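Coordinates in review
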Amino acid sequence: MRILLFSILLAPSFLWAQVTGSVTEEKTKQPVVGAKIFASDGNRTLSDYDGNFTLSSEKFPVTIVTIMPPYVNDTTVIQSAGEVKIYLAEVVQNISTVVVSASRRQQEVEEVPVSMEVIRPGLIDNKAITNITEAVDQTPGVFTMDGQVSIRGGSGFAYGAGSRVLVLWNGMPLLSGYAGDTQWNAIPMEQASQIEIMKGAASVLYGSGALNGVISLYEKEPTLEPETKFKVQWGVYDKPQRESLHWWAKDKNSPVRPSTGAPMSQMFEFYRGQKFKQWGYTVSTNYFHDSGFREGEVEYRGRVSGTIYIHPLNWKKVKAGIGYNIQGNKSGSFLLWESDSLGYKPQGGINSTMPLFGEYQPNPADSSATMAYSMGPRIYIDPYVKFFDKYNNRHNFKTRMYHTANKQLLNEAQGNSSTIWYGEYQFQRNFTEDISLTAGFMESYNVVTSQLMGNHTANNMAIYGQYEHHIGKFDFTAGLRIEHYKMDTSRVDTEFKIGNGSIPVYPIARLGIHYQPAKYTHLRVSYGQGIRYPSVAERYTSTNVGPLSVFPNPFVRPEKGWAAEIGIKQGVKIGDDWKGLFDLAAFVNVYENMMEFTFGVYDPITFKSLDYTVQADIDRIVELQNDYGYSLSEIIGFQSRNSENARITGIDFSFNSMGNIKGVEILSMIGYTYMNPVTLNDNPTYQATFSDTVSGLLKYRFRHLAKADVEVNYKGYSLGFSLRYNSYMPNIDKVFLESIGGSYVLPGLAAYREKYNKGTFVADVRIGYKFNDHFRIGAVCNNLFNVEYTTRPGDIQAPRNFILQLTYKL
């Protein structure tokens, strides 16, 4: 009886020892779900779907810290048991970096167990960037080659087909259905909050295409304070160093070619976003024109994009909306130069019956011309809904219809179009503040209509899961994905052998460990597998480009690989407002069955490779010429083949910083990468296609890559510079240096490479002045020293150019 009475009297003290509270946004007063609450007595918990939490504390006072990126951390001292309200404020200047793509949830970049780089929208604005590839190319460890991205040497060059780097917009792939490439100029960068670049295989969460890494962009979330932005800019190209490249100069001896004036570019951009209590929207428009520093390579594009969503008060756990992007474009595509001295002129010239404005005449193009003109839409529509259930689990349904088309204006038989229907369901649960699970399934259905490649369909399905566990100073990550991919009606590209049989799926695994031994020190180890399926273009393209033939290969198989790294991040701080982050990683990437467009002799009927050292194949070559009437140029060329097994090892270093030191804002993104990309294919027939058979380096790679971008802002003035260096590319396809039946694919390339064989150093500089909170004027000089350089053979980059920019924000 005494024990019962004692218990009754003591019970209220336990109740009084409880701290109950709520976490809400300071401005909107909306609940914050999943905030981490840490108490000084060791108790910890998460806020639920209503923002509520409970802590059992026995001794007071107790200090609780509330953390939820990207809000300002809150520290509150509780004097006694009871109820507390915590309001999280938006960050005025966020010197920490919050990323989403690594684990499909918000986390600080220091906690991520893989190497990541983040490009903020300020760099895009202040550098007057008109295409996302210009921003990506400034990133440490990343190199762009005529629209194709290579991270740490993971990709070479295959014109317009396939990408080992997956590009995401709002967490969904943005690769074309026919070529598997990125339509960079269709990405609405004016709406992006930031660009996250994850290095290494990431196929567990994102699937095919993420074999070499991920470039992820998320749309800016509107705020209660409406945001309006106008931007106009105008650019002009300077005269190249070599007079022979100065094609727009007046030719006094040619009355039919007067001066056209220096090529110019113009861009107009508008953005508006606002959030209300129950709904919000963003909308943007962009118009761009570039008359082209290479003759005939013009570009026109215009787009409208944005999103609209609802967040009903009576269903406060639900958010539903639809995103959209509608773009039309018309452009000329430069592939091969006329010669090394006429490097800005397209091989075969420009079809004079093709006006750059208005309707075109459907006359067949000259078969020797390599300049192609195309027009077509880029459209995606993204309906989505996400909500929290009563157990604080997050559910996310997102879908996309992505349509791309290229109508070839001079040769309609080269046109193609595709529509991808994508759907994904994702589930996230925080079991405790230290344990979380992300799981989901997706399906993508691709329909390709093409005279060039034929009509095809492809279906990709997958289920995936990733488990994350925080123990003390450790964070453990483990993930698994099961993929199924099928092109057309009979071909299954996923196969996993079990004993003497197989199943039509393929597993992909990921492991990662993060350890924080000190406050600003972070160690990591990661391992991730990847897979990439052949695009329709890689399997079925059959065409001629100048003297080159491209043969289909229906038998090409998926490429696979894995990436591992060990790294350290070390943070440094000066005062409370400036933060720097050093990152050093040693990495290894191993690839199997890499697809490459490989030069050789091919049977134009069966599409099989012919070996001119084997008598039976020699007899077949003679038969094709004598009995079927094929010329030599019609049986030699390129075909996508599983030619390469490769290993890439190296070291990656970067230093990123942002913040203020005594009133001076300093932002930097600096990095150096050493790579050793070597072939593991010792087949002499394959290595005979190498221009360099000694070093063992993969084609279209180099060993050294260095990048630096630094900007300083003081009292409205800004000064910035960008530096890029890559060493010489010793190994390319040997055919580009030799003649084919007396003709050269790239005339003069051998002599050009002997002259320009010291690597490339390019510098850009920019200045700006911010008159007030609304107006800013900026000037940019790209390629300050007017350096002549190429990213791939026959592709001389732009000479020095100037851009003037005016921005208005409200």
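None of the values given here were measured: they were computed from a predicted structure.

Moving on, we come to the overall build of the protein. Per the secondary structure count, the protein includes 8 helices and 46 strands. The C-alpha radius of gyration of the protein comes to 29 Å, within 12% of the 28 Å expected for a compact globule of 810 residues. For the protein, the spread of C-alpha atoms along the three principal axes comes to 110 × 70 × 45 Å. In the protein, which comprises 810 residues, the proportion classed as buried is 53%.

The next thing to look at is the packing of aromatic side chains. Each aromatic ring pair is described using two quantities: the centre-to-centre distance and the angle formed by the ring planes. A full pass over the atoms with the stated rule returns 29 aromatic pairs. When the centroid spacing of 4.9 Å and the interplanar angle of 90° are considered together, the rings of Phe143 and Phe702 count as edge-to-face. With Phe143 in strand β11 (residues 142-145) and Phe702 in the loop between α7 (684-687) and β40 (704-714), this residue pair connects regions lying 559 residues apart in the sequence. This pair shows no difference in class: Phe143 is buried, exactly as Phe702 is. Both rings, one in Phe474 and one in Phe476, keep their centres 5.7 Å apart while their planes meet at 15°; by these two values the pair is stacked. According to the relative accessible area criterion, Phe474 is partly exposed, its value standing at 33%. By the ring-pair criterion, three or more aromatic residues cluster together here, those being Phe230, Phe268, Phe270, Phe775 and Tyr808. Arg400 extends its terminal NZ or CZ atom over the ring of Tyr380, reaching a point 4.8 Å from the ring centre.

Phi at Asn392 takes a positive value of approximately 70°, unusual for a residue other than glycine. By secondary structure assignment, the location of Asn392 is in the loop between β22 (372-388) and β23 (394-408). We note that Asn783 has phi near 55°; this positive angle belongs to a residue other than glycine. Topologically, Asn783 is positioned in the loop between β45 (775-782) and β46 (801-809).

Inspection of the secondary structure assignment puts Thr673 in strand β39 (residues 664-679). The class of Thr673 is buried, set by a relative accessible area of 0%. In this structure the side chain of Thr673 is engaged in a polar contact, spanning 2.7 Å, whose partner is the side chain of Asp652. Non-local contacts of Thr673, meaning those with residues more than four positions away in its chain, are made with Pro140, Gly141, Phe587, Ile651, Asp652, Arg703, His704 and Leu705.

To continue, consider the pattern of salt bridges. For the structure on display, the rule yields 40 salt bridges. As a salt-bridge pair, Glu190 and Arg303 come within 2.9 Å of each other at their nearest N and O atoms. Separated by 113 residues along the polypeptide, Glu190 in the loop between β14 (172-173) and β15 (192-199) and Arg303 in strand β20 (residues 299-310) bring together distant segments of the chain. Lys734 is the partner of Glu738 in a salt bridge, and the nearest nitrogen-oxygen pair spans 3.7 Å.

As a further point, take the nonpolar core. The biggest cluster of nonpolar side chains holds 52 residues, and the ones touching the most others in it are Trp337, Tyr700, Phe736, Val745 and Leu746. For this core, the secondary-structure elements that each account for two or more residues are β11, β34 (548-551), β36 (578-602), α6 (615-626), β38 (636-661) and α8 (749-755). Broken down by element, this core gets its largest block of residues, 5 residues, from β36. Formed by 26 residues, the second largest nonpolar core is a distinct cluster that contains Ile124, Val165, Trp169 and Ile197.

It is worth spelling out the sheet that holds β14 at this point. Sheet strands associate in pairs through backbone hydrogen bonding, adopting either a parallel or an antiparallel arrangement. Within the open sheet, the 5 strands sit side by side as β10-β15-β16-β13-β14. Their pairing is mixed. Looking at which strands have only one partner, the edges of the open sheet turn out to be β10 (116-119) and β14. In this sheet, strand β16 (residues 213-219) lies alongside β15 in antiparallel orientation, the contact comprising 7 bridges. Each bridged residue has a counterpart across the sheet, and for Ile197 the counterpart in β16 is Ile215.

What follows is about the sheet that holds strand β4 (residues 52-56). The mixed open sheet is built from 3 strands, whose spatial order is β4-β1-β7. Each of the sheet's edge strands pairs with one partner strand only, and the pair in question is β4 and β7 (82-88). When strand polarity is set aside, the average angle formed by the axes of neighbouring strands in this sheet is 25°. Note: strand β1 (residues 18-25) against β7, 7 bridges, orientation parallel. Across the sheet, residue Ser22 finds its bridge partner in β7, namely Lys85.

If you check α6, its first and last C-alpha atoms are 16 Å apart, about what 12 residues at 1.5 Å a residue would give, namely 16 Å. For α6, the set of buried residues is Asp617, Arg620, Ile621 and Leu624. On an axial view of α6, the arc spanned by its buried residues comes to 100°, and they lie on one face. Exposed residues on α6 whose side chains face more than 90 degrees from its buried face are Gln615 and Asn626. Elements in contact with the buried residues of α6: β36 and β37 (609-610).

Strand direction decides the pairing type here: strand β32 (residues 521-532) and strand β35 (residues 559-574), joined by 12 bridges, are antiparallel. Opposite Arg524, over in β35, you have Gly567 as the bridge partner. As judged from the 15 bridges shared by β35 and β36, these two strands associate in the antiparallel manner. Paired with Gln570 across the strands is Phe582, a residue of β36. Here β35 folds back onto β36 in antiparallel fashion, the turn holding 3 residues, of which Gly575 has a positive phi close to 70°.

Burial within strand β13 (residues 165-169) is extensive, with 5 of its 5 residues counted as buried. Going residue by residue along β13, you find Val165, Val167 and Trp169 tucked away on one face and Leu166 and Leu168 tucked away on the opposite face as well. Pairing of β13 with β16 involves 5 bridges; the strand directions are parallel. Bridged to Leu168 within β16 is Ser216. If you look at the hairpin formed by β13 and β14, you'll find 2 residues sitting between the two strands, and Asn170 has a positive phi there, around 55°.

Mapping Phe653 onto the fold places it in strand β38. The sequence separation of Phe653 and Asn459 amounts to 194 residues, and the corresponding C-alpha distance is 39 Å. Setting aside chain neighbours within four positions, we find Phe653 in contact with Phe582, Asp583, Leu584, Ile670, Gly671 and Tyr672.

Our focus in this paragraph is the confidence of the model for the protein. Scored by pLDDT, the protein comes out at a mean of 85, with 90% of its residues at no less than 70. Of the regions scoring below 50 in pLDDT, residues 1-16 engages in 2 contacts with residues more than four places distant in sequence or in other chains.

A surface patch of nonpolar side chains, amounting to about 950 Å² of accessible area, comprises Phe230, Val232, Trp234, Met264, Phe268, Tyr287, Phe771, Phe775, Ile777, Leu804 and Leu806. The element contributing the most residues to the nonpolar patch is strand β17 (residues 227-237), with 3 residues. Position of Val232 among the secondary structure elements: in strand β17. With a relative accessible area of 36%, Val232 lands in the partly exposed category.

Let us now look at the side chain of Thr182. Locating Thr182 in the fold gives a position in the loop between β14 and β15. Assessed through its relative accessible area of 11%, Thr182 is described here as buried. Ignoring sequence-local partners within four residues, the contact set of Thr182 consists of Val167, Leu174, Leu175 and Ile187.

Rules used in this analysis
Residues numbered from 1 in each chain as written. Predicted model: local features only at pLDDT ≥ 70, side-chain atom pairs only at ≥ 80, totals over all residues. Heavy atoms only, no water. Helix = DSSP H or I, 4+ residues; strand = E, 2+ residues; numbered from the N terminus. Rg over C-alpha atoms; globule rule 2.2 N^0.38 Å. Buried < 20%, exposed > 50% of the residue type's maximum accessible area, 1.4 Å probe, protein only. Phe/Tyr/Trp six-rings, centres within 6.5 Å; stacked < 30°, edge-to-face > 60°. Lys NZ or Arg CZ within 6 Å of the ring centre and 35° of its normal. Polar contact = N/O pair within 3.5 Å; in protein donor to acceptor, adjacent residues only side chain to side chain. Contact = heavy atoms within 4.5 Å. Salt bridge = Lys/Arg side-chain N within 4 Å of Asp/Glu carboxyl O. Core = buried A, V, L, I, M, F, W, Y, C linked by side-chain atoms within 4.5 Å. Pairing = 2+ DSSP bridges. Axes fitted to C-alpha atoms, helices over the stretch in contact; angles between N-to-C directions. Expected span 1.5 Å × (residues − 1). Arc of directions from axis to C-beta. pLDDT = per-residue confidence, 0-100. Patch = residues over 30% accessible without salt bridge, like charges linked within 9 Å, V, L, I, M, F, W, Y side chains within 5 Å. Areas by Shrake-Rupley, 256 points an atom, 1.4 Å probe, with all protein chains shown as cover.

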